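Residues per chain, in single letters:
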Amino acid sequence: MKYEQLPQQDPEITDLVRQEIKRQQDGLVMIPSENHASVAVLEAMATVLSNKYAEGYPHKRYYTGNQYVDQVEQLAIDRAKALFKADHANVQPNAGSGANIAIYLATLKPGDKVMGMKLDQGGHLTHGHPVNLSGQLYNFVQYGVRQDTEIIDMNEIRDMAKKEKPKMIVTGATAYPRIFDFKAWKEIADEVGALLLADISHFVGLCISGDHPAPFPYADFVMTTTHKTLRGPRSAIILTQQEHAKAIDKAVFPGTQGGPLEHVIAAKAVCFAEAAKPEFINYAQQIVKNAKALAETLTDEGIRLVSGGTDIHLMLIDCNPLKISGRTGSNVLAEGGIYTNRNTIPYDPGSAFEPTGIRLGTPAITTRGMKEDQMKIIGTIIAKVLKNSTNEEIKKELNDTVTELANQFPLYPEMTI
Ligand code: DSN
């Protein structure tokens, strides 16, 4: 991928893009919701498809000149349906938040009761947090994890669902290191007559590889972002059973969005084709193997992980025993080139802004080709740094380790700007 016009025309933006490429190349991205999309995915976004307005859906548009974007969008729809074994796919949502809001708009009335996971125990803003439209428009009751196990207790979920009788149950999380057993959730949803939404944004790649239970045939609605473990462009999709197809399409456009981003839809089509290849299964399986190896190393080094480890691609470090804040821990790692994020942990004594946890994961470093041996190296240095966050020698050791790994596992070598 060679940039030509941009460097000539806009040196300021070029320089910032160049520095960002270098930051990603020279560091280790361990924020579990980030990844490195393929050059093909990135190239699909840098196309003239971006110029086209296409309100509506393939062959039902409001403007003329859609003969090619119709085919692009139809390809994306067909590939998504095949990949996820879904009756219907809407590939237009620009982001996960908008996708969730569109699902609510399609199915709920303001004030309807919904069950979703608490943000500070792993959920998402759009799963009913009071500062978000979801929590303001709908009557969300929020579930969490048990304090002793830090794991969701399905008996508690059943009791809550029976008591609250929600119209919808939202599953999925952004900071929960265990799995969602969709079959068990469906049984509870059926018992109380609730619709089931599976937000699989984080672990979508693992649903494809079989490392996490698949949401279909249990969920009524499935949504996912496309840039996390799916490794596509920054965007989202909604998958449904046929009976909800019309309502979902109406809720996305004209309900919550205008003209779709056809260049991003093209990039989604490219990533769905990539995810349908056997190599992707190996990739997603390796994400989990790496996460388990990393969790084991951190634990062996005396770091406490929420719920004792992970089943998926991410884990949460409890910073309380280390006597540092999540901010200090994630900042000192970032200074040495390991990017994680500060995060609340269940029953956090801190706040959302100053939490006492660090969230980290393996999707992006697995994309670079790293395996269990590298996880041991990374886990060992992370533990050492967090236990000695003011020690300059150890910080230097972190820097050297990151440089060595980054050089050994190059990223975007073909990218010149
Ligand atoms: N911001 C995303 C994440 O990091 O998990 C969720 O929307």
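Residues numbered from 1 in each chain as written. Predicted model: local features only at pLDDT ≥ 70, side-chain atom pairs only at ≥ 80, totals over all residues. Heavy atoms only, no water.

Explain the environment of Arg61 here, please?
Within the fold, Arg61 resides in strand β3 (residues 60–61). Expressed as a C-alpha distance, the spacing of Arg61 and Leu196, which sit 135 residues apart in the sequence, is 31 Å. Those residues within four positions of Arg61 in sequence are excluded, and the remaining contacts are Ala54, Glu55, Gly56, Asn66, Val69, Asp70, Glu73, Gln92, Pro260 and Glu262. Here Ala54 takes part through its backbone oxygen, which lies 2.8 Å from a polar atom of the side chain of Arg61. In this structure the side chain of Arg61 is engaged in a polar contact, spanning 3.2 Å, whose partner is the backbone oxygen of Gly56. (Helix = DSSP H or I, 4+ residues; strand = E, 2+ residues; numbered from the N terminus. Contact = heavy atoms within 4.5 Å. Polar contact = N/O pair within 3.5 Å; in protein donor to acceptor, adjacent residues only side chain to side chain.)

Help me understand the sheet that holds strand β6 (residues 139–143) in this model?
Ordered by their spatial adjacency, 7 strands build an open sheet running β4-β10-β9-β8-β7-β5-β6, and the pairing between neighbours is mixed. One side of each edge strand has no neighbouring strand; the edge strands of this open sheet are β4 (88–90) and β6. Going from strand to strand, the sheet's axes swing by 20° on average, the running direction of each strand aside. Two elements, strand β7 (residues 168–171) and strand β8 (residues 195–199), share 4 bridges in a ladder whose sense is parallel. Looking across to β8, one finds that Met168 is bridged to Leu195. (Pairing = 2+ DSSP bridges. Axes fitted to C-alpha atoms, helices over the stretch in contact; angles between N-to-C directions.)

Mind showing me how you'd approach the state of the cysteines here?
In a disulfide, the sulfur atoms of two cysteines are covalently bonded to one another. Inspection of the entire model under this criterion finds 0 disulfides. Here Cys207 stays free of any disulfide, with the sulfur of Cys271 as its closest cysteine sulfur at 14 Å. Residue class for Cys207 comes out buried when judged on its relative accessible area of 11%. (Disulfide = S-S within 2.5 Å. Buried < 20%, exposed > 50% of the residue type's maximum accessible area, 1.4 Å probe, protein only.)

Hey, could you run me through the layout of surface pockets in this one?
The gaps of empty space that remain are located by a probe, the size of a water molecule, rolled over the atoms. Estimates place the volume of the largest pocket at around 660 Å³. What lines the largest pocket is a set of 35 residues, and nearest its centre among them are Leu119, Gly123, His124, Leu125 and Thr174. Where the lining of the largest pocket is concerned, the elements lending two or more residues are α5 (96–107), β9 (221–225) and β13 (341–343). Counted by class, the lining of the largest pocket contains 8 nonpolar, 19 polar and 8 charged residues. Reported here for the second largest pocket is a volume of approximately 540 Å³. Elements with a minimum of two residues in the lining of the second largest pocket: α2 (11–26) and α3 (39–45). (1 Å grid on protein atoms, 1.4 Å probe; cavity = no way out; pocket = protein on both sides within 12 Å on 5 of 7 lines; lining within 4 Å. Points joined across faces, edges and corners; volume = space filled by probe spheres on them. Nonpolar A, V, L, I, M, F, W, Y, C, P; charged D, E, K, R; others polar.)

Whenever I open this one, the site of the ligand confuses me. Can you help?
As a matter of local geometry, the ligand sits amid Ser33, His124, Thr174, His202 and Arg359. Here an oxygen atom of the ligand and a side-chain polar atom of Ser33 are 2.6 Å apart. For the ligand, an oxygen atom lies 2.8 Å from a polar atom in the side chain of His124. When the ligand sits alone it has 230 Å² of accessible area, and the protein chains cover 63% of it. Judged by the proximity of its atoms to the pocket grid, the ligand belongs to the largest pocket. (Near = heavy atom within 4 Å. Areas by Shrake-Rupley, 256 points an atom, 1.4 Å probe, with all protein chains shown as cover. Sits in = over half its atoms within 2 Å of the grid points.)

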